Amino acid sequence: MIIKPMIRNNICLNSHPKGCARMVQNQIAYVRQHMAGLSTTPGAPKLALIIGCSTGYGLASRIGAAFGYGAATVGISFEKAGSPTKPGTPGWYDNLAFDAEAAKAGLVSKTLDGDAFSNEMKDQAIAAIREVAAKAGIPAQVDLVIYSLASPVRTDPRDGVMYRSVIKPIGKAYSGKTMDMLTGKISIASAEPATEEEIAHTVKVMGGEDWELWIDALSEAGVLSPQARTLAYTYIGPELSWAIYKNGTIGKAKEHLEKTSHLLHERLSKSGGAAWVSVNKALVTRASAVIPIIPLYISALFKVMKEKGLHEGCIEQLVRLYKERLYVGEAAQNPAKVLTDSERRIRIDDWEMRDDVQRETKARMEAITEENLFTLADVDGFKHDFLEAHGFDVAGVDYEADVDPSTI
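Predicted model, so just to flag it, every value in this text is computed and none were measured.

Colleague: Looking at this model, I keep getting lost on the environment of E343. Mind explaining?
Modeller: The topology assignment puts E343 in the loop between α9 (314-326) and β13 (346-347). Note on E343: relative accessible area 43%, which makes it partly exposed. Between the alpha carbons of E343 and W276 there is a distance of 10.0 Å; along the sequence they are 67 residues apart.

Take a look at the structure:
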């Protein structure tokens, strides 16, 4: 079939197998260019577990660990497979492409598909770690655990209750500008304040509870290295987004995630390990495209950062995280030397939050109208990144060609 993007209300309903595969290959090429020779870095990961490996920062984390450091990897995600008559989710194609490229490069990898919140998946992952380690000829002990899950629902494996997250403000309703990436039309999006139950449910889904359960399970099974490093990803952003983000339901969940990082760090640091949250840059994701104010902010931010030569996508961010934070100099073997802020957070949103970048972005946000939107903001860049995440608008792919959606 010939596959064209189907977009409704800033949500893409399909994906392109060849485009997803090419996007993964492009990220691998970037890592090979910018992390060449780093496989011998003292303390670099040899066996990495990426929980939420199929798209965005999770996928970039896996690519960097594997093709930058030569690590064997186990990846976990929950995707929908393609069939001869219907495309699968972009992450399904991304995983196929990653495993295919890893095999070509002689890297050991295994990808598991299913509910990462479940006890059954934790058991499968532990078995996969042992299998992958045996194939790679290394100890069955994970030394890097990336927790990068993005799910709207979670069933707590201890009581069987399903929780649903919401993206809402707390205390009072919120209204903010948003834009249609296809037409450039600006409108006002509103969200009613969350109930106490909705706040609690969002923390259950997006907080650090499951991250801690994963570390517990790995430790109890004996497959967690004493020097293991584990990270989860978060976002803070500018004050203009705080009502819907930092001070909203997502923010409460991220607060819990940070608290969890401190609890895990206290445990792991006793044997030379460590836990952090990494505060990453604003990027186009399936979620960010529908959060009020965020698409407009990201478009203005991209324009400013590109003009200053500071723009980064997922893979550029992760390469910098690895090369300039986690595994550089003394920090490569001593996690206490990893550069953090006063709250012990790793900051790779530092370029986004520079005073000059924020000042100019804010000025553009205030001046934007439908008439000057495409001049003051990088709407085309936003649209490209959104489409690319689904395998569309990727250079070198023939989108008029007939493709089999059951494979890459």
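Now that the structure has been shown, we can carry on.
Colleague: Honestly, the pattern of salt bridges in this entry has me stumped. Any pointers?
Modeller: This model, assessed by the stated rule, comprises 27 salt bridges. We note a salt bridge from R158 to E209, for which the minimum N-O separation is 2.9 Å. Remark: E209 occurs in helix α6 (residues 209-220) and R158 occurs in the loop between β7 (153-155) and β8 (162-164); sequence separation between them is 51 residues. Residue class for R158 comes out exposed when judged on its relative accessible area of 54%. On the accessibility criterion, E209 (18% relative accessible area) is buried. Here R267 and D216 are joined by a salt bridge, their closest N and O atoms 2.9 Å apart. Of this pair, R267 sits in helix α7 (residues 249-268) while D216 sits in helix α6; the two residues are 51 residues apart in sequence, bridging distant segments of the chain. Three or more residues are tied together by salt bridges with common partners; here these are R154, D156, R158, K204 and E209.

Colleague: Got a minute to help me understand helix α12 (residues 379-388) in this structure?
Modeller: Note: α-helices contain 3.6 residues per turn, so residues at a spacing of three or four share the same orientation. Within α12 the residues assigned to the buried category are V379, G381, F382, D385, F386 and L387. In the core, the buried residues of α12 are packed alongside β1 (7-8), β2 (11-12), β9 (174-179), α8 (294-307) and α11 (373-376).

Colleague: Would you mind showing me how to read a nonpolar patch on the surface here?
Modeller: A contiguous nonpolar surface patch, about 340 Å² in accessible area, is contributed by M6, I11, L13 and V290. Relative to the elements of secondary structure, L13 occurs in the loop between β2 and α1 (17-34).

Colleague: Help me understand the environment of G208, please; the structure alone is not making it clear to me.
Modeller: By the secondary structure assignment, G208 is in the loop between α5 (196-206) and α6. On the basis of relative accessibility, which here comes to 0%, the residue G208 falls in the buried class. If we skip the residues at most four places from it in the chain, G208 touches H256, L257 and T260.

Colleague: Would you mind going over the state of the cysteines with me for this structure?
Modeller: Put plainly, two cysteines are in a disulfide when a covalent bond ties their sulfur atoms together. Throughout the structure, instances matching the rule amount to 0 disulfides. Cysteine C12 shares no disulfide, and the gap to the nearest cysteine sulfur, in C20, comes to 9.4 Å.

Colleague: Would you take a moment to explain unusual backbone geometry for this structure?
Modeller: Phi angles above zero are rare outside glycine, and R344 is one such case at about 65°. You can see R344 is positioned in the loop between α9 and β13. In this structure, D393 is a non-glycine residue whose phi angle is positive, near 60°. Position of D393 relative to the elements: it lies in the segment after α12.

Colleague: How should the nonpolar core be read in this particular structure?
Modeller: Considering soluble globular proteins, one finds that nonpolar side chains tend to be buried as a cluster. Counting residues in hydrophobic clusters, the biggest one holds 84 residues, and the most contacted among them are I63, F67 and Y322. The biggest single contributor to this core is α8, with 9 residues. Grouped together as the second largest cluster of nonpolar side chains are 34 residues, L47, F117, L268 and A275 included.

Each value, and the rule that gives it
- Residues numbered from 1 in each chain as written.
- Predicted model: local features only at pLDDT ≥ 70, side-chain atom pairs only at ≥ 80, totals over all residues.
- Heavy atoms only, no water.
- Helix = DSSP H or I, 4+ residues; strand = E, 2+ residues; numbered from the N terminus.
- Buried < 20%, exposed > 50% of the residue type's maximum accessible area, 1.4 Å probe, protein only.
- Salt bridge = Lys/Arg side-chain N within 4 Å of Asp/Glu carboxyl O.
- Contact = heavy atoms within 4.5 Å.
- Patch = residues over 30% accessible without salt bridge, like charges linked within 9 Å, V, L, I, M, F, W, Y side chains within 5 Å.
- Areas by Shrake-Rupley, 256 points an atom, 1.4 Å probe, with all protein chains shown as cover.
- Disulfide = S-S within 2.5 Å.
- Core = buried A, V, L, I, M, F, W, Y, C linked by side-chain atoms within 4.5 Å.

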